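Chain and residue survey
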Amino acid sequence: MSKIEDLRQKSDDQLDEELTTLKREAFNLRFQAATNQLEAPARIREVRRTIAKIKTLQTERTRAAEAKA
């Protein structure tokens, strides 16, 4: 199962929680990069893309809810 399918199965609250966690991790990774302590440079890209996937999914759900109303 792909990452997006895993995300689609989560509730809105779970997505919000994961988004908060990933934003915090992205901040820490940027800080590590700035101080030359970054061990996994590819992780920055992975976190950024996962944040984008979550935001896209949230937008899709919002628009679907608006369309039903």
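The sections below set out a description of the structure shown in this document. The residue count restarts for each chain, going from 1 along the sequence in the order it is written. Where local features are concerned, this predicted model is filtered to residues with pLDDT of at least 70; where side-chain atom pairs are given and counted, the filter is 80 or more; whole-chain, interface and lining totals use all residues. Neither water nor hydrogens contribute to the side-chain values; these are computed over all heavy atoms in the structure.

Moving on to the pattern of salt bridges. Every case where a carboxyl oxygen of Asp or Glu lies within 4 Å of a side-chain nitrogen of Lys or Arg is listed as a salt bridge. Counting across every chain of the model gives 6 salt bridges. The shortest N-O distance in the salt bridge between K3 and E18 comes to 3.8 Å. Of this pair, K3 sits in helix α1 (residues 3-8) while E18 sits in helix α2 (residues 12-34), placing them 15 residues apart in sequence. E18 sits in the buried class, given a relative accessible area of 15%. With a shortest N-O distance of 2.5 Å, K10 and E18 are connected by a salt bridge. Secondary structure is summarised from DSSP: a helix means a run of H or I of at least four residues, a strand means a run of E of at least two, and numbering begins at the N terminus for each. Summary of the burial criterion: residues with accessible area below 20% of their type's maximum are buried, those above 50% are exposed, and those between are partly exposed, where the area comes from a 1.4 Å probe applied to protein chains only.

Its place among the elements puts T59 in helix α3 (residues 41-68). At a separation of 3.0 Å, a polar atom in the side chain of T59 contacts the main-chain carbonyl oxygen of K55. Polar contact is defined as a pair of N or O atoms within 3.5 Å, subject to the rule that within protein one atom must be able to donate a hydrogen and the other to accept it, and that residues adjacent in sequence are counted only when both atoms are side-chain atoms.

L7, L15, L19, L22, A26, L29, V47, I51, I54 and L57 together form the largest nonpolar core, which totals 10 residues. Looking at this core, the elements that each hand over two or more residues are α2 and α3. Considering every element that reaches this core, the biggest residue donor is α2, with 5 residues. The contact criterion used throughout is that any non-hydrogen atoms of two residues lie within 4.5 Å. In contact with L57, not counting residues within four places along its chain, are L7, R8 and L15. By nonpolar core is meant a set of buried Ala, Val, Leu, Ile, Met, Phe, Trp, Tyr and Cys residues that side-chain atoms within 4.5 Å join together.

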